[in-house]
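# Chains, contacts and geometry: an overview
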Amino acid sequence: MGAFNAELLKLKRSLSWPVVVLLPVSLVLMGAATQLAQGGQPDDGWHTVWVQSVGFYGLFPLATGIAIIGSLVWRCEHRGSNWNALMSGPTPTLHIVVAKGLVIAGLTAIMQVVLLISVILMGKLGFGLPGMLPGQYVGITVLLALMALPIAFLQSALSMLIRSFAAPIAVALVASGISVVALNVVGDAALASPYALVTRTALLGTGTFSDPGSVTAGDLIPILAAAVFLVLALVVASTVILERRDTRV
Amino acid sequence: MSSPPVTPPVVTPPVVATENLTKTYGGRSVVDDLNLSIPAGCVYGFLGPNGSGKSTTMKMLLSLIQPTGGRVQIMGRPMTRGTRRELLGSIGSLIEAPPGYAHLTGAENMRLVQRLLGLNREQIDDAVRTVRLQDQMDKKVRNYSLGMKQRLGIAMALARRPRLLILDEPTNGLDPAGIEEIRGLLRRLADDGVTVMVSSHLLGEIDKTANVLGILSQGRMIFQGTRSELMTASAPDVIISCSDPQAAVATLRPFDARHAGRSDVAIPALDDQQTAGAVAALVGQRIGVYGVRRDEQTLEDVFMSLTAGGGL
Ligand SMILES: Nc1ncnc2c1ncn2[C@@H]1O[C@H](COP(=O)(O)OP(=O)(O)OP(=O)(O)O)[C@@H](O)[C@H]1O
Ligand SMILES: [Mg+2]
């Protein structure tokens, strides 16, 4: 797909890369900081290291990270005449929307891998934990990368429509806050929000908030269904809006 | 004797045609009832002072903005949001400022165009060589001069080998040699059959390249045609030098004559027949006629008087 290949090229020298690496690394460090200072091993071993970093990461840092990536990926299009050039080429609007969303989602997936590696390194090198991170957390990492797709497409739409760099990031912060509260109050009904979706996924198996502590297929089905529906709805909505929109410069 | 067979002129439909094209912003018509017609293979000079609506018109041709009223036809097909992506494949354009991703090099920007449009290496190299940017390709666009950016923008527009090229003030920021180069380039492209629409607020800049001119003033088309039609449409004054200009003005009152300094009398909008009549009238009144000539008028004067007066 031409549009997607072109997007990959635009990532060269992009500021997205430092975000993708620094955000998860610093979260894992922050999560482990107290324990590291006190010395000794975390009570519940790997589980504790995971909950302290990923559990927190899912509350709002992940959504914020995706929002920053979204704003960075769209920023160059809002500069100078690039918007006009993009919209006066033959690339179908749908391809533009999908390519941008996938690039944001792809960078987010890389961010999850960095997170996973950071947690493993912290467990092994920081705390000298025996064994390996339980396999279910690898599964949750994969799931988290997939569940981030709706936010990637939503933030992409926001950064496409709003020229401001900061505004879409502020939206992500506020919306994550609201979604965390909603998850506690109304439970799975909150999954209509992409932000609640990643929070719920990051909490899988942690036993915190509304999570029972074990992962079952029954937990996954509503999450997966919500993700698929949200991505489709967002792609259609963004394409229709972009197709109708007039250039403003 | 039979006369040679008459071949009817080949009537090719215009590449760009608009019908009552209008754009209003907040109740103000920025482009007003425009009927543009750009013949195939010409360089169409789109002229008008700042704010006259050139960019707005070009954006409507590309469907970057939707018209408030009227229609756009490109290569015989209506240009709408539904058809634009198909048509845009054969239209190269540059609106207001040259595009280009600042964090990428010139070469990377061109490779991007190549991937996006599915072009081959040769098309890219050709376009770069055409604008003479081959030695600047490894520099980041952030560090380009305005002239280099302009060239890169033109190369990006040319790479797809367009049938129609829409360039909004492409010589902005170019040095005189660069302007001359672009002129030559536009002529060559037109000779190869590409239809070129180029805007400017300076007549002198496209006067030598354009064979058809469209002049815009406050959103309205005040002239559309060839250069010579433009000169004729605004026929210059006839100047008669004579022995008694006061008496001559009185004699030629029906012709709207006026004293134009020293021994000169100026008479507007006279054809050859009327000029002969005016001279005869003066001679009849025993006024000595020293000389009769047409006022020297450059295209620039015509342009200025057209755009200042708001119409012909
Ligand atoms: N989005 C907009 N909203 C309101 N007014 C607009 C908008 N875009 C353009 N205009 C107005 O339309 C008029 C024509 O603008 P346009 O950019 O088409 O002129 P132009 O002929 O290209 O001028 P220049 O030679 O300076 O480039 C201007 O008065 C401008 O202020
Ligand atoms: Mg303009």
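Residues numbered from 1 in each chain as written. Chains lettered and ligands numbered in written order. Predicted model: local features only at pLDDT ≥ 70, side-chain atom pairs only at ≥ 80, totals over all residues. Heavy atoms only, no water.

### Comments concerning the overall build of chain B
Across its full length, chain B carries eleven helices and 15 strands. Here the C-alpha atoms of chain B give a radius of gyration of 24 Å, more than 25% beyond the 20 Å that 2.2 N^0.38 yields for 312 residues. Principal-axis analysis of the C-alpha atoms places the extent of chain B at approximately 80 × 60 × 50 Å. Once local pairs closer than 6 in sequence are excluded, the contacts in chain B between residues at least 24 apart make up 67%. (Helix = DSSP H or I, 4+ residues; strand = E, 2+ residues; numbered from the N terminus. Rg over C-alpha atoms; globule rule 2.2 N^0.38 Å. Contact = heavy atoms within 4.5 Å.)

### Let's talk about a nonpolar patch on the surface
Residues and elements named next belong to chain A. A contiguous nonpolar surface patch, about 560 Å² in accessible area, is contributed by Met30, Phe56, Phe60, Leu173, Val174 and Ile178. Ranked by residue count, the leading element in the nonpolar patch is helix H9 (residues 167-186), at three residues. The exposure class assigned to Val174 is exposed, which follows from its relative accessible area of 51%. (Patch = residues over 30% accessible without salt bridge, like charges linked within 9 Å, V, L, I, M, F, W, Y side chains within 5 Å. Areas by Shrake-Rupley, 256 points an atom, 1.4 Å probe, with all protein chains shown as cover. Salt bridge = Lys/Arg side-chain N within 4 Å of Asp/Glu carboxyl O. Buried < 20%, exposed > 50% of the residue type's maximum accessible area, 1.4 Å probe, protein only.)

### So, the sheet that holds strand E13 (residues 258-259) of chain B
Residue and element names in this part refer to chain B. Taken in spatial order, the four strands line up as E13-E14-E12-E15 in an open sheet, and their pairing is antiparallel. At either end of the open sheet lies a strand with only one pairing partner, and these are E13 and strand E15 (289-294). Bridging between strand E12 (residues 238-242) and E15 involves five bridges; their strand directions are antiparallel. By the bridge assignment, Ile239 is partnered in E15 with Arg293. (Pairing = 2+ DSSP bridges.)

### Re the domain arrangement of chain B
Parsing chain B into structural domains produces domain 1 (16-231) and domain 2 (235-296). With centres defined by C-alpha atoms, the gap from domain 1 of chain B to domain 2 of chain B works out at 46 Å. (Domains from an automatic or database assignment.)

### With respect to the interface of chain A and chain B
The figure often quoted for interface size is the accessible area lost as the parts come together. The partner chain B presents 31 residues to the 30 residues of chain A that form the contact. For the pairing of chain A and chain B, the buried interface totals around 2,700 Å² over both sides, and the portion due to carbon and sulfur atoms is 51%. Broken down residue by residue, the surface that chain A buries against chain B is led by Leu9, Arg13 and Pro90 of chain A, which jointly contribute 23%. Joining chain A to chain B, the criterion identifies five salt bridges. Contributing elements (two or more residues each) for the side of chain A that touches chain B: helix H1 (2-10), helix H5 (82-87), helix H6 (93-126) and helix H11 (217-244) of chain A. Counting residues per element, the side of chain A that touches chain B draws most heavily on H1 of chain A, which supplies six residues. Class assignment for the residues of the side of chain A that touches chain B results in twelve nonpolar, ten polar and eight charged. (Buried area = accessible area lost by both parts, 1.4 Å probe. Nonpolar A, V, L, I, M, F, W, Y, C, P; charged D, E, K, R; others polar.)

### Quick word on the site of ligand 1
All names here are of chain B. Around ligand 1 lies a shell of 13 residues, among which Val30, Gly51, Lys54, Ser55 and Thr56 are the nearest. In the environment of ligand 1, an oxygen atom lies 2.9 Å from a nitrogen or oxygen atom belonging to the backbone of Gly53. A distance of 2.7 Å is found between an oxygen atom of ligand 1 and a side-chain nitrogen or oxygen belonging to Ser55. Computed on the free molecule, ligand 1 has an accessible area of 640 Å², of which 64% lies beneath the protein chains in the complex. Counting residues per element, the ones that place at least two in the shell around ligand 1 are strand E2 (28-34) and helix H1 (54-61). Classifying every residue of the shell around ligand 1 gives three nonpolar, six polar and four charged. (Near = heavy atom within 4 Å. Polar contact = N/O pair within 3.5 Å; in protein donor to acceptor, adjacent residues only side chain to side chain.)

### Side note on a positive patch on the surface
Together, Arg75 and Arg79 of chain A together with Lys140 and Arg142 of chain B make up a positively charged patch on the protein surface. Note on placement: Arg79 of chain A falls in the loop between helix H4 (61-75) and H5. (Lys, Arg positive; Asp, Glu negative; His and termini not counted. Charge placed at Lys NZ, Arg CZ, Asp CG, Glu CD.)

### Regarding the nonpolar core
Counting residues in each nonpolar core, the largest one holds 99 residues, and the members touching the most others are Leu36, Ile74, Ile91, Ile166 and Met197 of chain B. Take this core: its biggest share by element is 13 residues, from H6 of chain A. Ignoring any residue separated from it by four or fewer positions in sequence, one finds Met197 of chain B in contact with Leu36, Ile38, Tyr44, Phe46, Met58, Leu61, Leu165, Ile166 and Leu167 of chain B. (Core = buried A, V, L, I, M, F, W, Y, C linked by side-chain atoms within 4.5 Å.)

### Notes on the UniProt feature "transmembrane region" (unreviewed entry) in chain A
Taking the UniProt record as the reference, the feature "transmembrane region" (unreviewed entry) is found at residues 55-76, 97-122, 134-153, 165-186 and 220-242 of chain A. Across residues 134-153 of chain A one finds 90% helix and 0% strand; the C-alpha atoms that close the span lie 31 Å apart. (UniProt positions renumbered as here; feature names shortened; annotations may be inferred.)

### Notes on the sheet that holds strand E9 (residues 195-200) of chain B
Residues and elements named next belong to chain B. Strand order in the open sheet formed by six strands is E7-E8-E9-E4-E10-E11, with mixed pairing between adjacent strands. Each end of this open sheet is capped by a strand with a single partner; those strands are strand E7 (91-94) and strand E11 (220-226). Between one strand and the next, the sheet's axes are offset by a mean angle of 15°, whatever the strand orientation. Of the strand pairs in this sheet, strand E8 (residues 164-168) and E9 are connected by five bridges, and their pairing is parallel. Considered in E9, the bridge of Leu165 is made with Val196. Strands in contact with H1 are strand E4 (43-47), E8, E9 and strand E10 (212-217); relative to E9, the strand with the most contacts, it is inclined by about 150°. (Axes fitted to C-alpha atoms, helices over the stretch in contact; angles between N-to-C directions.)

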